Structure formats: C-alpha cells, structure tokens
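# Tertiary structure, described
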Amino acid sequence: MTLDFPRIAAIRLGYGLSPLAPPAENAAALLAGIRASGPDANAVTTARAQEQTRRHIELRKAMADDTEAARKKFQAYNRENSRLQVRDLQRRLARAVDDPTGFGERLVQFWADHFTVRATDGTHNALAMAYVDEAIRPHIGGRFEDMFFAADTHPMMLVYLNQNTSRGPNSAAAKRQKGKALGLNENLAREAMELHSLGVGAPYTQKDVRQLAELLTGLFYSYSDGFAYRPQFAEPGAETVLGRSYGGPGEGHLRDIRAAFRDIARRPETAQFVSRKLAVHFISDSPSPELVDVMAATWRDTGGDLPQVYRVMIDHPEMTAGLRQKVRQPFDLMVAGMRALGVTGQQIRDLDFPQLPALTANHLMMMGQPWGRPVGPDGWPEGPDAWIEPQLLAARITWAMKTPRAMLGKLPDPRELIETALGGTQSEQLAWAVPKAESQAEGVALILASNDFNRR
Amino acid sequence: MIELDRRLFLKSAALIGCSAAAHPLMTSMTFASLPSDNRLVVIILRGAMDGLDAIQPYGDPMLAKLRRNISVGPEDGALDLDGFHALHPRLAPLMPLWKKGELAFAHAVSTPYRDKRSHFDGQDLLEAGTGNDLPVDWRVGGWLNRLLQAMPGTTAETAYAVGLEQMKILSGTAAHLGWAPRSSVTLSSQGQMLLDHVYHDDPMFRDAARDAFRIAAETETPERGKGPTADEAALGAFAASRLNGASRIAAFSIGGWDTHANQGPVIGRALDKLSAAILALRDGLGANWGSTTVLAMTEFGRTVRENGSNGTDHGTGGALLMAGGAIRGGRAFGDWPGLGEGDLYAGRDLMPTRDIRAYAAWAMHGLFGTKREMLERSIFPGLDLGADPRMLA
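Note that this is a predicted model, so its numbers are computed, not measured. (Residues numbered from 1 in each chain as written. Chains lettered and ligands numbered in written order. Predicted model: local features only at pLDDT ≥ 70, side-chain atom pairs only at ≥ 80, totals over all residues. Heavy atoms only, no water.)

## Structural notes on the overall build of chain B
The following threshold applies: To qualify as a helix, a DSSP run of H or I must reach at least 4 residues; to qualify as a strand, a run of E must reach at least 2; elements of each kind are numbered from the N terminus. Should any heavy atoms of two residues lie within 4.5 Å, those residues are considered in contact. Note on areas: Shrake-Rupley, 1.4 Å probe, and residue coverage restricted to the protein chains presented here.
Check the secondary structure of chain B and you find 12 helices and 12 strands. Long-range contacts, defined here as pairs at least 24 residues apart, represent 73% of the contacts in chain B between residues at least 6 apart. Total accessible area computed for chain B in this model is approximately 14,700 Å², and 53% of it derives from carbon and sulfur atoms.

Okay, here's the thing in structure tokens:
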C-alpha cells in the first residue's frame, strides 16, 4: 500500500484523520497551521492565577470567624479550584480535536512536556494553565531560545523546580536574615541543562550547575506582586557558565540570565539533544543519526529557528517511509479517537461535571497518563513499553468501548468508521475482525483499540 | 578482566532476545516447578528518600548541628530504636515489626551513581543495577529481570510489576507481568477473541492483551479505598495476592520523596504511604509473610545539611529499608561513616560505605540460591559482593 503525504502526515505529525477536516496537503500547510495554536481568547494569565491564590487566602482567613457561611464559601471555592485541572484538559482536548492540521497542538503537547511542570498543590492549578498559554504557545513557531527563557523563568517553573526559594548565599536578603535565611537551590539550574537543553551526556559539570544556580537567583514570583526580578535575592558578582561570564560587579540583572539561556540554547549539544528528542517523539523511537544530524545542523545554522528545524523533519524521507513506529500516548489516542468519531471541540466544551472527568481525565489516568501529573520533570516516557502493558492496554480497550456511545449517543457503522479512522491503512486482520463483532459497540471498540489505531 | 566480563555480559544480554536456547544462563533451566517458596518485593522510592530523616541517627552529635528543623530525634517524637537511631514518627506503624525482628535498615548505601545527582539517571541506574561503565539502555534492562533469566522454573507469572508506574527494574527479555489493582477488561469473550486476532502480528499488543484478559478473569476488582494511602495499600494488597499464588517477585513504586522544601509534612505523607504498603503486604501475605523479604530502595540520599527552605537537596549515600518475616531484623546493618566535616562525601552528602546492590544480591542469594558468580557477573555486572551481611533469618 502506498500512502500519500497528507494522510501519513496527519497520522504521524497530527492527531489523525477526521471526517470533518481534510488533512494538510504539504509541509507548508502544516507549518502554516502552527499559527492557529497560539494563545486564544480563553488564555489564562499569571494575573488571573494570582487572583486565584489571593482569593484562596482571603477565604481561608475569613474562616477564622468560624462561621458556617465562611466555611462553605471556602469549600465551594476549593472544589472549583480542584476542578481546574479537568477544565484545563477539556480546553486542550477541544483545541486539539478542532485543530485542522493537528500539528500545532501536537507541538504544544510536545513542548509542554519537554518543559514539564506540575502544579504541586491545588492553588497552582491556574498558574499551570497560564504556563502553557504564556510560555509555550507563543513560542512553538519561534526560536527555541525564547521558549527556553520563557519557560524556565515562568512563575510555574520557578515554583515547580524550587527556584522561588533559592537565594544567593551572599545576597542582601541572605545577609539581612541570618539564621533563618533561605539558601541556594540548584534544582532549576540542573534541569535547565540536563533536561531542557544540553542533555545529561553533555560536558557540563557540577560547577556549571552551581554557577547557573547562582546566576538564576533573583527570579521570583509571589501571588501578591507576580513575577519580578529581585536583585536583593541575587548572588552578587559575575558567574561563569560553560566558560562564559555573565553579569558584572554590582547588582544582578534579568538580561544576564537571558544571555545565558540564549548561549546555552545555541550550543551544538542543545541542537543535537533537542533535535533528537523531536525526532524520537514524532518519527521513531530510534531515528537515524542522519535525520537527527540534519535537523541539528539546521538548528545551528538558524540559531534554533524551530519551524526550519520542523521543516527538515517533515521533508525527510524517514517521515514518509514508515508508519506506526510510535505508540500513541493516551492523550494523543483520546484526541485521535474523538477526531475519528467526528466529535467537535464544541461537544467537548459542552461537557460538564461529573460526565467530563468520567469521559476524559479518568480514562487518561487508567491508561497511565494522569493529566497534569507527570512523575518528574523529565515528562512522559516515549518508548512503547511504557504504555502497552496489560493493565494500561486494558484501560485503552475500556476507553474504546465507552467513548463512542457516550460522546455520540448513536454509534457509527463500524464498516464506515474503519475507513474514516484509518483511511485505507487498516490491516487485513482488523478488516476481517470488525464485521464479526457481536455488537456494533464492540465493532467500533475493535477499531479504536486496534494496534493500527494505537500506533502512529 | 572485568572489562572482558562486561563485554560478554552485554553480548549475552543482546543474544537472549534472538535465541533463548543459546543463552549461557539458560542451559540448566527446568520449567517444571515453582522456583522457590521465598518471596522478594522491591519497592522503589522515587524522588530520593532522606534516609537521615526516615531513620534518624540522632546518636551522632553532628546531626543536630547540621539539621535544626528536621531529623531532631526522640525529643521531637521519633521512636528510639537502639539508642543511636530513631524511627521517624510517621513510620510508627512499623514499630511492631521492628520489635518482632521484621524490620531493619542500612544507612550509607548507594549505587555507583555519583555527582550529577539527577533523579532520572539515578533511578535508571538503580533499576538497571549496572555500574557507570555500561550504558543504561534496553539491552541492559533491569536487574530483577536478569534475576528471572537466571532462575530456573520461572514463568511470566513469577514476577509482577504492580501499579500504573513503569518499572524499569523488571524490564528485559524475561517474561513478567504488570497489573494495576483497579484495572478491568470490558469486552465480551467474542470481542476478546477478535482482538487477539487483530493483535496477532504485533507481539507487544498481543501479549499484553492476552495477559490482561487472563489476569482480569482471575482478579476480583477491589473496593475502591479512600484516604491518602489507599493507593499504596492497594498496591501492597494486590502484590500479596499474586505472591500467595504462583508469583515470587513483585516490584512497585512509591513517589513523593523529593523534599527540597518544607520537608516535615512532605516526607510525612510519603512515609505514611510506605508504612501502608508494607502493612498491606504483611496482612495480605498471612503465613507467607514469614518467607518474604521486602527491600525499599531509593536512587540516592539527600544533603546532610538542611537547605535554606527547610528541606534537603540531592545527595549521595542513602538508606535501604528491609522488612519481612524472612529477614533478621530489629537491627542496623552496615558501617556508619559519621557526619563530621571530613566524613562527608564532597563536603555535603552522607559518605556511602556499601553498594546498595550488595544487599540486594545477598538477599537473592539467600532467597533463591542465586550463585555468587551469577550475581557479580550477570545480575550486577562488576559488583564485588563483599562479605555476607547476614540479613536473612
């Protein structure tokens, strides 16, 4: 079977085929489609997240009066707040299902995972939403260095990787509060190099980590004042990271941090590490060194201009040569399923509690990808063995049984769905099995649970 | 010599995928009976447990000097164990085990991982069970998987990865199973048969589905527990149910140990989970608890000094917790390196005095009769087992 570029690209680089939207014709259309994945009218801002926390504290304080009314108000507020993660999933699902090419929303997913954050307590749920809208979406079609800086200095990242509590050991703040002073915390500095840019194999040392940690002191977020660079928290003097000196005598500046991020972003190790990560995510778990090398070369030549790097990947023969080398991660599968069934973003936006989590978040959790709760800052695993284990596959099968009826009311004809969902790429085994299912529901489930559909 | 061994190891690890019969480890296999009556449970504590807080060596006067807010010993409610160590108050539910000789620990243990202090590399190395000279990749797999390869009479049912977390420690060519306590399959038997046909040429899907259908048929879905430790209790209970049957090895994870800030309540919650899992294992195993060894291992320890946020940062030497009726518990194992200025690793971390793999190796030796040479060359390639700590009863 020979497949045309549009269908291959829709399956491998997008969220699969849809009866409602034709796949992108060529690389230019895919790249142009990225623009649709910027922040939209419902974007959450850090300011709104601050308001959320402020309100939380206000209502908690009000409970000091010990009135039933105050308690009820606080509980109601907390319930809404705890539901934000599912609301966030709802937004992301709706946008992904509606994205005409799917590539832009796949990139949002990829980069938000590359720069993983996690709302470590409920008061940060809104901040985690703002993070994607403010630090990721605006930069997926721009330069890596801008996303790198935006992500690693965003309040959510500062909170997640403990930068918020890091102080220069010789900073004015540390000197003023001897005894109970906060000290240096290396967490963000380490992950910025190990996970976000250079990769753990790169030739950096503990000293570079420590120097970058000292350079990053001063980055600070508070719910009362938002993000601010606070020179009084910063370690005085210059820091040397990977052989380059940043800052000078006197007060620290945010611009020195930006300069360091730019330099790290442009290093060849970063070009290689992040290019490979892109190829592993979109093409295959073991992409050829040649593919990675040409992507990294373009990265170096263009100063990390992402669309040009994507273009190399899209145009490479390895993209069109093979299908189904990757297993769809649960979120990816859920979006692809909704698209194939012809579900619209509006239908997803219309869902409310308790159906909303029952149809979305709960399934993702059972499939091994609880929304907004990656285990660590290295994000979700890429390899298929992390996802296709007995219990996780059982959850995929359960999802395939339950979703179509719940979303559509009326089930599609499995003989038609197999064509819309797989566009002629279905295996003989699947084509043989689907008409033999004992019910329409199981026929549909066989398609959505098939290895054909669970791979891309 | 060691170099040669390791190359041989890599080569044979790659070979096993091609031809089981050709693998030198498998020549003496018999597939008849259960490999042993003994049981091994490995709990991976993800995020780097602060061993100095879980089991507080308050008898070392330096501890109070380096930590003002955490690990403050019996004065702050920790339970004295032996006049030198005290159990964190949130591990109090395990105190009866200590008194019965079913709980023990070793401080100052580590993998060979040093200096970069990354959770992910640290966990990868802990689960791979290799040294720094081997790349951690698919060929190496996890050390529990290599144990399976070396054990006669194993089937996939012999070992379980329990829960939704990926367990690299069991990854590799030897068949094993994974299941989460709350999983189920909602497909008719005709549907299951058709899906088996659909998956036929895709071994990863086919094998996972076959196991899922079978385990679901055998398992009663437990009532969904409530409370912050319900999930961990369910992991322990499910593991126990399989270990009461044909399984002999189980592994699962407990997260929440990365206490960079505000350590008190954060480690408290994690210790509650660990206690709940161990007690669920004991309760579920019943009489079989007597032949069970539980090892709770973490990727590395944490800085000896508190940091500026009432927490601790990534360190080196950590603690190993052991439990089970098969152990010689109620005692501390290993050598205490001290906390003085010159005693610390890199001036900041607890100095490792023993490779954590040596304890795991001696446990496997005692439980399954795994030969020393096998342990040092194949399961933990390059490890020097050293003297037997005699941790099993």
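## Thoughts on the overall build of chain A
Filter applied, for reference: Our radius of gyration looks at C-alpha atoms and nothing else; its globule reference is 2.2 Å times the residue count to the power 0.38. When accessible area is computed with a 1.4 Å probe and restricted to protein chains, residues below 20% of their type maximum are described as buried, those above 50% as exposed, and intermediate ones as partly exposed. All tallies of charge rest on Lys and Arg as positive and Asp and Glu as negative; His and the ends of each chain are not included. Charge placement uses NZ in Lys and CZ in Arg. For Asp and Glu, CG and CD serve respectively.
The helix and strand inventory of chain A stands at 26 helices and 4 strands. Rg of the C-alpha trace for chain A: 24 Å, near the compact-globule value of 23 Å for 456 residues, within the 12% margin. A buried classification covers 62% of the 456 residues belonging to chain A. Taking as baseline every contact in chain A between residues at least 6 positions apart, the subset at least 24 positions apart corresponds to 75%. For chain A, the accessible surface area stands at approximately 17,100 Å², while carbon and sulfur atoms represent 51% of it. A distance of 4 Å separates the average location of the 54 positive side-chain charges in chain A from that of its 53 negative side-chain charges.

## Examining the interface of chain B and chain A
The line we're drawing: Throughout, buried area stands for the accessible area (probe radius 1.4 Å) lost by two parts on being put together, summed over both. Salt bridges are counted wherever a side-chain nitrogen of Lys or Arg sits within 4 Å of a carboxyl oxygen of Asp or Glu. Pairs of N or O atoms within 3.5 Å make up the polar contacts considered here, provided that, within protein, one atom can donate a hydrogen while the other can accept it, and that residues adjacent in sequence are counted only when both atoms are side-chain atoms. All amino acids are sorted into three groups, where Ala, Val, Leu, Ile, Met, Phe, Trp, Tyr, Cys and Pro are nonpolar, Asp, Glu, Lys and Arg are charged, and the leftover types, Gly among them, are polar.
Contacts between the two partners involve 45 residues from chain B, matched on the other side by 53 residues from chain A. Together, the buried faces of chain B and chain A total about 4,200 Å²; carbon and sulfur atoms form 59% of this surface. Looking at the side of chain B facing chain A, the largest losses of area belong to B:Lys116, B:Phe120 and B:Phe205, adding up to 16% of the total buried there. In this structure, the connection of chain B to chain A is made through 2 salt bridges. A salt bridge links B:Arg348 to A:Glu186; the nearest nitrogen and oxygen atoms lie 3.6 Å apart. Taken together, the links from chain B to chain A amount to 12 residue pairs in polar contact (both at pLDDT 80 or more). Secondary structure elements with two or more residues in the side of chain B that touches chain A: α5 (119-128), β7 (177-179), α7 (189-198) and α8 (203-218) of chain B. For the side of chain B that touches chain A, the leading source of residues is α8(B), giving 7 residues. The residue makeup of the side of chain B that touches chain A, split by class, is 17 nonpolar, 16 polar and 12 charged.

## Side note on the sheet that holds strand β2 (residues 55-56) of chain B
All names here are of chain B. Definition in use: If DSSP finds at least two bridges between two strands, the strands pair.
Strand order across the open sheet formed by 3 strands is β2-β4-β3, with antiparallel pairing between neighbours. Of all the strands in the sheet, just β2 and β3 (79-80) have a single pairing partner and so form its edges. Inspection of the sheet shows β2 paired to strand β4 (residues 86-87) by 2 bridges, in the antiparallel sense. Residue pairing across strands places isoleucine 55 opposite leucine 87, the latter belonging to β4.

## Observations concerning the nonpolar core
The condition that has to hold: Within this scheme, the nonpolar core is defined by two criteria: the residues are buried Ala, Val, Leu, Ile, Met, Phe, Trp, Tyr or Cys, and they are joined through side-chain atoms within 4.5 Å.
Grouped together as the largest cluster of nonpolar side chains are 107 residues, with contacts concentrated most on B:Ile43, B:Phe252 and B:Leu274. Looking at this core element by element, the count peaks at 9 residues for helix α10 (residues 263-285) of chain B. In this view, B:Phe252 contacts B:Val41, B:Val42, B:Ile43, B:Ile44, B:Val162, B:Met167, B:Leu235, B:Gly236, B:Ala239, B:Ala277 and B:Leu281; residues no more than four positions away in its chain are not counted. Among the nonpolar cores identified, the runner-up in size contains 86 residues, and A:Ala49, A:Phe110, A:Val132 and A:Ile264 belong to it.

## What about helix α4 (residues 68-82) of chain A?
Side chains of residues three or four places apart in an α-helix project in the same direction, reflecting 3.6 residues per turn. Residues and elements named next belong to chain A. The test is simple: Expected span, for any helix, means 1.5 Å times one less than how many residues it has. Picture the helix axis, draw a direction to every C-beta atom, and the arc is the one those directions span.
Over its 15 residues, α4 runs 21 Å from end to end, which matches the ideal 21 Å to within 8%, given 1.5 Å per residue. Residues of α4 that are buried include every one of Ala70, Phe74, Tyr77 and Asn81, and no others. The buried residues of α4 occupy an angular sector of 65° when the element is viewed end-on, so they sit on one face. Facing away from the buried side of α4, by more than 90 degrees, are the exposed residues Ala69 and Lys72. Next to the buried residues of α4 lie α3 (46-62), α5 (84-98) and α7 (125-136).

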